[in-house]
Amino acid sequence: MPIAKIGVITVSDRANTGIYKDICGKTIINTINDYLISEWQSVYKIVPDEQDLIEKTMIDLVDNENCCLVISTGGTGPAKRDVTPEATEAVCDRMMPGFGELMRAESLKYVPTSILSRQTAGLRGSSLIINLPGKPKSIRECLDAVFPAIPYCIDLMEGPYLECNEAVIKPFRPKKK
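In this text the structure is predicted, and so the values were computed from the model without any measurement.

Novice: Please set out the sheet that holds strand β1 (residues 4-11) residue by residue, giving values where relevant.
Specialist: Ordered in space as β2-β1-β3-β6-β5-β4, the 6 strands form an open sheet in which the pairing is mixed. The strands lining the two open edges of the sheet, one partner per strand, are β2 (40-47) and β4 (94-95). In terms of strand pairing, β1 meets β2 through 8 bridges, oriented parallel. If you follow Gly7 over to β2, its bridge partner there is Val43. In the packing of helix α2 (residues 24-35) onto the sheet, the strands contacted are β1, β2, β3 (69-73) and β6 (127-132), and the crossing angle to β2 comes to about 165°. Running at roughly 170° to β6, helix α4 (residues 84-91) makes contact with β1, β3, β4, β5 (121-124) and β6 of the sheet.

Novice: Before we move on, can you summarise helix α5 (residues 97-108) with the specific residues and values?
Specialist: Along an α-helix, a turn takes 3.6 residues, which lines up residues three or four apart on a common side. Along its 12 residues, α5 runs 17 Å from first to last C-alpha, staying within 8% of the 16 Å computed at 1.5 Å per residue. For α5, the set of buried residues is Phe99, Gly100, Met103, Glu106 and Ser107. With its buried residues spanning 130° around the axis, α5 presents them on a single face. Against the buried residues of α5 lie β5, β6, α6 (136-146) and α7 (150-156).

Novice: Run through the state of the cysteines, naming residues and quoting values.
Specialist: Counting across every chain of the model gives 0 disulfides. Its sulfur unpaired, Cys92 is 11 Å from the next cysteine sulfur, which belongs to Cys153. With a relative accessible area of 12%, Cys92 lands in the buried category. With no disulfide of its own, Cys164 lies closest to Cys68 among cysteine sulfurs, the gap being 11 Å.

Novice: I'd like a rundown of the packing of aromatic side chains, residues and numbers included.
Specialist: Here the structure, examined in full by the defined rule, presents 2 aromatic pairs. Aromatic side chains Tyr35 and Phe147 sit 4.6 Å apart centroid to centroid with 45° between the ring planes, which places their arrangement in the tilted category. Of the two residues, Tyr35 sits in helix α2 while Phe147 sits in the loop between α6 and α7, which places them 112 residues apart along the sequence. A relative accessible area of 0% means that Phe147 is categorised as buried. Aromatic side chains Tyr152 and Phe172 sit 6.4 Å apart centroid to centroid with 90° between the ring planes, which places their arrangement in the edge-to-face category.

Novice: Any details on the side chain of Ser107? Residues and values, ideally.
Specialist: You can see Ser107 is positioned in helix α5. If we ignore the near neighbours within four places in the chain, the residues touching Ser107 are Ser114 and Cys142.

Novice: Tell me what's going on with the environment of Ala4, and back it up with residues and numbers.
Specialist: With respect to the helices, strands and loops of the structure, Ala4 is situated in strand β1. Remark: the alpha-carbon pair of Ala4 and Tyr161, spanning 157 residues in sequence, is separated by 7.8 Å. Discounting chain neighbours no more than four positions away, the residues touching Ala4 are Glu39, Trp40, Gln41, Cys68, Pro160 and Leu162.

Novice: So what's going on with helix α3 (residues 51-64)? Residues and values would help.
Specialist: With 14 residues, α3 extends 19 Å between its outermost C-alpha atoms, agreeing within 8% with the 20 Å of an ideal straight helix rising 1.5 Å per residue. Immediately beyond the C-terminal end of α3, within one or two residues, lies Asn66, with a positive phi of roughly 60°.

Novice: An account of the pairing of β6 is requested, with residue identities and associated values reported.
Specialist: Of all 6 residues in β6, 6 are buried; the element is thus mostly enclosed. Along β6, one buried face is formed by Ser127, Ile129 and Asn131 and the opposite face, lined by Leu128, Ile130 and Leu132, is buried too.

Novice: Before we move on, could you go through the nonpolar core and cite the residues and values that matter?
Specialist: Membership of the largest hydrophobic core comes to 32 residues, with the highest contact counts inside it found for Leu69 and Leu128. Elements supplying a minimum of two residues to this core: β1, α2, β3, α5, β5, β6, α6 and α7. Discounting residues that sit within four places of it in the chain, Leu69 has contacts with Lys5, Ile6, Gly7, Leu128, Ile130, Phe147, Ile150 and Ile154. Counting 15 residues, the second largest nonpolar core, distinct from the first, contains Val62, Cys67, Val83 and Cys92.

Procedures and definitions
Residues numbered from 1 in each chain as written. Predicted model: local features only at pLDDT ≥ 70, side-chain atom pairs only at ≥ 80, totals over all residues. Heavy atoms only, no water. Pairing = 2+ DSSP bridges. Helix = DSSP H or I, 4+ residues; strand = E, 2+ residues; numbered from the N terminus. Contact = heavy atoms within 4.5 Å. Axes fitted to C-alpha atoms, helices over the stretch in contact; angles between N-to-C directions. Expected span 1.5 Å × (residues − 1). Buried < 20%, exposed > 50% of the residue type's maximum accessible area, 1.4 Å probe, protein only. Arc of directions from axis to C-beta. Disulfide = S-S within 2.5 Å. Phe/Tyr/Trp six-rings, centres within 6.5 Å; stacked < 30°, edge-to-face > 60°. Core = buried A, V, L, I, M, F, W, Y, C linked by side-chain atoms within 4.5 Å.

Coordinates in, geometry out; function isn't part of it.
Printed below as a string of structure tokens:
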């Protein structure tokens, strides 16, 4: 069985230039390590808030690195340099708006400003791309909400089978007849 490759992109001018250490990308990797018991490999990138670089990185992770899942963090707010959703929409064949809707609904339980977040998700080829907010606490809250649907989504795209630690996260897969 092939090892699943998961792309992790931190979108941040400051993390990209080394002004501060990237905590958000590491939070995604640690969370996926908590969730999965199947073997997987991360392909980790840090890019500035530049739409063309975000797009190129997403395309590379899907088309060349063969990541079945790409998770980005950062660049989803209303600031002028927050362009991650636009980059995602530009590289995806089809959008999956339910992911963003659920993440905002989940975040609304904790902060009223979650409605300012524009995270989204979409499909490129046989890969799922998801945008997360740029705060470690929000990353875990959002992934806890949407991850139960991710393994089945990847199954439907004929990607690698992601086996989860069901004591941590229980994926939904329809019962076989």
